[in-house]
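# Remarks on the overall topology
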There are 2 protein chains.
Amino acid sequence: GGGKIDREVALEDIDNVEEVGNRTEKGDQDAKAHVDLHASDLVASRGGQEEIEGVEEEADDAYDKEDVVPLGHAFGSWVEDLGLLHRADSISEYNLYVKMAKEDGVVVVRNGDSEVSLPPISAGTEYNTKELADDNLTDDHPKVPGWFSEYCPIWPGQAHFLKVEKILFQGRSEYQSMMVFQSSAYGKVFILDGALQLTEKDEFAYQEMITHLPLCSIPNPNKVLLIGGGDGGILREISRHSSVQHIDICEIDTMLVDVYKKYFPSVAVGYEDPRVTLHVKDGSAFLKSVPEGTYDAIIVDAFDPIRPDHELHKTPFFELVAKALRPGGVMCIQAESIWFRSLDIEQLMVKCRPIFKGSVRYAWTIVPAYPSGVIGFLLCSTEGPLVDFRNPVNPIDPNNSYGVAKEPLKFYNTEVHMAAFCLPSFAKKVNNGSKMNGVGTLAADEAKHK
Amino acid sequence: GGGKIDREVALEDIDNVEEVGNRTEKGDQDAKAHVDLHASDLVASRGGQEEIEGVEEEADDAYDKEDVVPLGHAFGSWVEDLGLLHRADSISEYNLYVKMAKEDGVVVVRNGDSEVSLPPISAGTEYNTKELADDNLTDDHPKVPGWFSEYCPIWPGQAHFLKVEKILFQGRSEYQSMMVFQSSAYGKVFILDGALQLTEKDEFAYQEMITHLPLCSIPNPNKVLLIGGGDGGILREISRHSSVQHIDICEIDTMLVDVYKKYFPSVAVGYEDPRVTLHVKDGSAFLKSVPEGTYDAIIVDAFDPIRPDHELHKTPFFELVAKALRPGGVMCIQAESIWFRSLDIEQLMVKCRPIFKGSVRYAWTIVPAYPSGVIGFLLCSTEGPLVDFRNPVNPIDPNNSYGVAKEPLKFYNTEVHMAAFCLPSFAKKVNNGSKMNGVGTLAADEAKHK
């Protein structure tokens, strides 16, 4: 990637590690190597402010040699090095640093004085996918060998199954578990902690809409910040805007970036834009470090903003976003499906109005691989020049080929932009009543500012 | 229902009957009763023009007593009579008329001299749903006990699973197999030949859009024909239009109507409109009997028009529809999802242009329970007064409560109508090139006629 790397890793305590699992080539021989690691055994742990020797400085070079590396991350990189695939289940909750070495394809996990060898498996080994989603299993989570199932916790009682042709990658970073598989229906698919993130077949719908809805709503966007979105697809879309001069991306998980670069080059192509700077940081922490009024647009593709237990509701995240925007600047954040009535979009919008003080709107698009086939966006602008999200002032040429994207737009166009704000009556009705206040009102926001 | 019944049953030959299967209460005791029936054994068969004594005259009364009745239909009605559920697999392809009697909940199938008793099972028995979709099973069709899976044959490699709380009905008519179950996620669900037709939770999206897209595009619709749509939901939506004076519905399967009336009263409420006349006929046969220029609008909810092997492509179905419409009359037919690129929407539109000679447009809506979460509509108008489908001339009050519907509109509104014609770039692009010609062109059709 062409982006500069501003690496800063958040550190946490380690208690213990339950196991390091692996699989043999046949998949049915479950030769798990149990490794009882404790923080005290590790070469380097992450307790408190403790720094890990050799990690920060060596960054991307660390994986080419025997050294102290983050285990999860190393696993991802070793796939590239060896053409092999290794599993390290149940590790992601701990930030592990152990000595590792490769010896003829065998991964050796060194743990103080003891050492455990894990026989490798080839990339593409046929897993019994029943076990792939173990982390997310509940009694209600159906399983079928050879198929990946995404269970929708906010709309229980349904699951979407994708047939797995080949598992291409499976590993854990310091933050989350990842899987890439070749599906029959959607091309390559990326799974994060058991949830489908992106498929080759339909990623463009989400990426184009979350990007161009905000960027086409303001004239000449110049500085843009992306929080999350480590796959690079939104960077690719921002890249189409010739007015943009600076693109910051704040993504905490570098392993995710690496895996996308390896398996989804047409998505991660966004990193090739020389205007991009990658900041490896927590989003809130990064926002705190940003001078007030820096950005014309901030796109947030980091988490679901609506689930009531999310940290978003505990921290002043939106205040930080609003502060980092210039007057009349815009934010777009993923905001779930209109079909998920249990989620309180209204509460989110009510919360955002006094913070952003400009327009607050809800839009949506179709993405067939996502639960319900639909996903929504919350769009907010700060006090300042009026932003009328429904009527874009900065249209983009449908054959646009500016920047690093190799293909013209596949989904977004001005018509689709305007249609994205047209809500079914059940959503408008809720809006006009006590619930979902503000969703889909045709003119309320704009009128307020005219 | 309040509709008049113009009953005319299409008759076919019987060769033989393979089996009558049933299940015990526990579901795991597969006590199938094999009945070798041959046409010659039956009390009444359907060979050629042969009429079945007692069937036509007694119609709805036939099931209250021991009599000669169509087997599949009888099974459906017996559920109501006995509160019991019976299965008669593999019969639907034959039009069976046998003597049946109820004896303390036991169904007796009389077949000439021989007689087979089928032990009943209670409604709500927990089936092993692995076996529910047996008819549609392929090697690629995943199964999970306790879950219903819809496999999408035109987008293989994916399946949507719904958790089954209780099976409420299962049976076969002369034409198709039916199942109603209580789902955790979507309320009651109706399955036809293994394919999800309708759910309580989201049926309104489909029913409202397929109805109001055509009816709001012309001023004062008066006579409307519905082909298929036996569930009654489209009737309910047509009923909202006060200008409509005659509603004909042509539905060949009366058992389907009965099952909907029993389990989906808020959908089948459409039959209570006194303007409705039910014609139990094949759609093409009915159209042939209709005087030229009879209808202002024809809605077709009978089959998928795009699959190349469908009879639609063998018979002059669209010609019959066009002929039955007045000049400037409109047709709306279900036309699959824009995500199913393998389907040739272009071919369908190219075929329709010379037949209808007016506008030919493609629109879509979201329905989360359907494959891809989206379904499309083909809208055509005949030569005559211009129909600009994108800009409705006959808006409907969002709080409309005219007719038999108990609730106001939940999905359709004028904004959503107009947005339904806005297509993602990948569809427009295909359209502007050699494929999907005409899909989504903003002004082409209208311009042609201005």
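Residues numbered from 1 in each chain as written. Chains lettered and ligands numbered in written order. Predicted model: local features only at pLDDT ≥ 70, side-chain atom pairs only at ≥ 80, totals over all residues. Heavy atoms only, no water.

## Description of the overall build of chain A
What chain A contains, in helices and strands, is 12 helices and 21 strands. Counting only residues that meet the buried cut, chain A has 63% of its 450 residues in that class. Sequence separation of 24 or more characterises 68% of the internal contacts of chain A that already satisfy a separation of 6 or more. Per element, the accessible surface of chain A, about 16,500 Å² overall, is 46% carbon and sulfur. (Helix = DSSP H or I, 4+ residues; strand = E, 2+ residues; numbered from the N terminus. Buried < 20%, exposed > 50% of the residue type's maximum accessible area, 1.4 Å probe, protein only. Contact = heavy atoms within 4.5 Å. Areas by Shrake-Rupley, 256 points an atom, 1.4 Å probe, with all protein chains shown as cover.)

## Considerations on the domain arrangement of chain A
Residues and elements named next belong to chain A. Split into domains, chain A comes out as domain 1 (17-198) and domain 2 (203-449). Contacts between the two partners involve 28 residues from domain 1, matched on the other side by 26 residues from domain 2. For the interface between domain 1 and domain 2, the tally reads five residue pairs in polar contact (both at pLDDT 80 or more). Counting residues per element, the ones that place at least two in the side of domain 1 that touches domain 2 are α2 (71-82), β11 (158-172), β12 (177-183), β13 (188-192) and β14 (195-199). Sorting elements by how many residues they give to the side of domain 1 that touches domain 2 places α2 first, with six residues. Considering only residue class, the side of domain 1 that touches domain 2 consists of 15 nonpolar, nine polar and four charged. (Domains from an automatic or database assignment. Polar contact = N/O pair within 3.5 Å; in protein donor to acceptor, adjacent residues only side chain to side chain. Nonpolar A, V, L, I, M, F, W, Y, C, P; charged D, E, K, R; others polar.)

## Things to note about the packing of helix α8 (residues 317-324) of chain B against helix α9 (residues 345-356) of chain B
Residues and elements named next belong to chain B. Where α8 meets α9, the closest approach of the two axes is 10 Å, and the angle between their N-to-C directions is 40 degrees. It follows from the interaxial angle that α8 and α9 lie oblique. The two elements α8 and α9 cross, and the hand of that crossing is right-handed. Across the interface between the two elements, Phe318, Glu319, Val321 and Ala322 of α8 pack against Leu348, Lys351, Cys352, Ile355 and Phe356 of α9. Taken together, the residues of the contact of α8 with α9 sort by class into seven nonpolar, no polar and two charged. (Axes fitted to C-alpha atoms, helices over the stretch in contact; angles between N-to-C directions. Parallel < 35°, antiparallel > 145°, perpendicular 65-115°, else oblique. Left-handed = near helix turned anticlockwise from the far one by under 90°.)

## So, the packing of aromatic side chains
All names here are of chain A. As enumerated under the stated definition, the model contains 37 aromatic pairs over all chains in all. With 5.5 Å between their ring centres and 45 degrees between their planes, Phe148 and Phe181 make a pair best called tilted. On the criterion of sequence distance, the pair formed by Phe148 in strand β10 (residues 147-151) and Phe181 in strand β12 is long-range, its members being 33 residues apart. Phe148 sits in the buried class, given a relative accessible area of 4%. Relative accessible area serves as the criterion here: at 0%, Phe181 is assigned to the buried category. (Phe/Tyr/Trp six-rings, centres within 6.5 Å; stacked < 30°, edge-to-face > 60°.)

## Thoughts on the relation of the copies chain A and chain B
Overlay of chain A on chain B (RMSD 0.0 Å): rotation 180 degrees, translation along the axis 0.0 Å. Here the two chains are linked by the operation of a two-fold rotation axis. The overlap is high: 100% of the interface residues of chain A also sit at the interface in chain B, so the same surface is used on both sides. (Least-squares fit on C-alpha atoms with pLDDT ≥ 70 in both.)

## Description of the confidence of the model for chain A
Close reading of the predicted structure is inappropriate where its pLDDT is low. All names here are of chain A. Across chain A, the average pLDDT comes to 70, with 61% of residues at or above 70. Across residues 1-138 the pLDDT falls below 50, and counting only partners more than four positions away or on other chains, this stretch makes 306 contacts in the model. In this model, residues 429-450 is a region of pLDDT below 50 whose contacts with residues beyond four sequence positions or in other chains number 53 contacts. We note a pTM of 0.72 for the whole complex and an ipTM of 0.71 for its interfaces. (pLDDT = per-residue confidence, 0-100.)

## Regarding the interface of chain A and chain B
Interfaces are often described in size by the accessible area the parts lose on coming together. Each partner contributes to the interface: chain A provides 49 residues, whereas chain B provides 49 residues. It is A:Trp339, A:Ile366 and A:Glu415 in chain A that bury the most area against chain B; as a group they hold 17% of the surface buried on that side. The interface formed by chain A and chain B holds two salt bridges in total. In this assembly, chain A and chain B are joined by 24 residue pairs in polar contact (both at pLDDT 80 or more). (Buried area = accessible area lost by both parts, 1.4 Å probe. Salt bridge = Lys/Arg side-chain N within 4 Å of Asp/Glu carboxyl O.)

## Description of unusual backbone geometry
All names here are of chain A. One non-glycine residue, Asp193, lies in the positive phi region at around 50 degrees. The backbone of Asn220 shows a phi angle near 50 degrees, a positive value even though the residue is not glycine. Turning to its location among the elements, Asn220 is positioned in the loop between α3 (203-215) and β15 (223-228). Residue classification places Asn220 among the exposed positions, given a relative accessible area of 58%.

## What about the pattern of salt bridges?
Pairs can form between side chains of opposite charge once their charged atoms are near each other. All names here are of chain B. Applying the stated criterion across every chain yields a total of 15 salt bridges over all chains. In this structure, Glu203 and Arg236 form a salt bridge, with 3.0 Å as the shortest nitrogen-oxygen distance. In this pair, Glu203 sits in helix α3 (residues 203-215) while Arg236 sits in helix α4 (residues 233-238), placing the two residues 33 residues apart along the sequence. Arg236 matches Glu203 in its accessibility class, with the two residues each being buried. Between Arg275 and Asp273 there is a salt bridge; the shortest N-O distance is 2.5 Å. Judged on exposure class, the residue Arg275 and its partner Asp273 are both buried.

## Focus: the pairing of strand β20 (residues 357-366) of chain A
Residues and elements named next belong to chain A. Among the 10 residues of β20, nine are classified as buried, and the element is accordingly described as predominantly covered. Direction of pairing for β20 relative to strand β21 (residues 374-382): antiparallel, over a ladder of eight bridges. Residue pairing across strands places Thr365 opposite Ile375, the latter belonging to β21. (Pairing = 2+ DSSP bridges.)

## Re the UniProt feature "active site" (unreviewed entry) in chain A
All names here are of chain A. Sequence positions flagged by UniProt for "active site" (unreviewed entry) are, in local numbering, Asp301. Inspection of the secondary structure assignment puts Asp301 in strand β18 (residues 295-301). Look at Asp301 and you get buried, because its relative accessible area is 17%. Residues within four places of Asp301 in sequence aside, it is in contact with Tyr206, Ile210, Leu226, Ile227, Gly228, Gly229, Asp231 and Ile234. (UniProt positions renumbered as here; feature names shortened; annotations may be inferred.)

## A closer look at the environment of B:Tyr412
Relative to the helices and strands, B:Tyr412 resides in the loop between β21 (374-382) and α10 (414-419). With relative accessibility at 0%, the residue B:Tyr412 sits in the buried group. If near-sequence neighbours (up to four positions away) are discounted, B:Tyr412 is found in contact with A:Ser425, B:Glu208, B:Met209, B:His212, B:Leu213, B:Cys216, B:Pro392, B:Ile396 and B:His417. A distance of 2.7 Å separates polar atoms of two side chains, one belonging to B:Tyr412 and the other to B:His417.

## With respect to the environment of A:Ile191
Residues and elements named next belong to chain A. Looking at the secondary structure, you find Ile191 in strand β13. Taking the C-alpha atoms as reference, Ile191 lies 30 Å from Asn400; in sequence the two are 209 residues apart. In this structure Ile191 touches Phe148, Ser177, Met178, Met179, Phe181 and Leu196, once residues within four positions along its chain are discounted.

## Considering helix α9 (residues 345-356) of chain A
Residues and elements named next belong to chain A. Helix length check: α9, at 12 residues, gives a terminal C-alpha distance of 16 Å against a target of 16 Å (1.5 Å per residue), a fit within 8%. Listing the buried residues of α9 in full gives Ile345, Glu346, Leu348, Met349, Cys352, Arg353, Ile355 and Phe356. Positioned one or two residues after α9, Lys357 has a phi angle of 70 degrees, which is positive. (Expected span 1.5 Å × (residues − 1).)

## Some words on the side chain of B:Ser372
Relative to the assigned elements, B:Ser372 resides in the loop between β20 (357-366) and β21. Overall, B:Ser372 belongs to the buried group, its relative accessible area being 6%. Of the polar contacts made by the side chain of B:Ser372, one reaches the side chain of B:Ser337; its length is 2.8 Å. The contacts of B:Ser372, once residues within four sequence positions are left out, are A:Pro368, A:Gly373, B:Trp155, B:Ser337, B:Trp339 and B:Phe340.

## Points about the pairing of strand β17 (residues 276-280) of chain A
Residues and elements named next belong to chain A. Within β17, five of the five residues are buried, which leaves the element mostly enclosed by the surrounding structure. Two strands pair when backbone bridges link them, and strand β16 (residues 246-250) and β17 are joined in this way by four bridges, in the parallel orientation. Pairing of Ile249 across the sheet is with Leu278, part of β17.

## Examining the state of the cysteines
Residues and elements named next belong to chain B. A complete count under the given rule lists zero disulfides over all chains for this structure. Unpaired in this structure, Cys380 has its nearest cysteine sulfur neighbour in Cys352, at a distance of 4.2 Å. Accessibility expressed as a relative area gives 0% for Cys380, which makes it buried. (Disulfide = S-S within 2.5 Å.)

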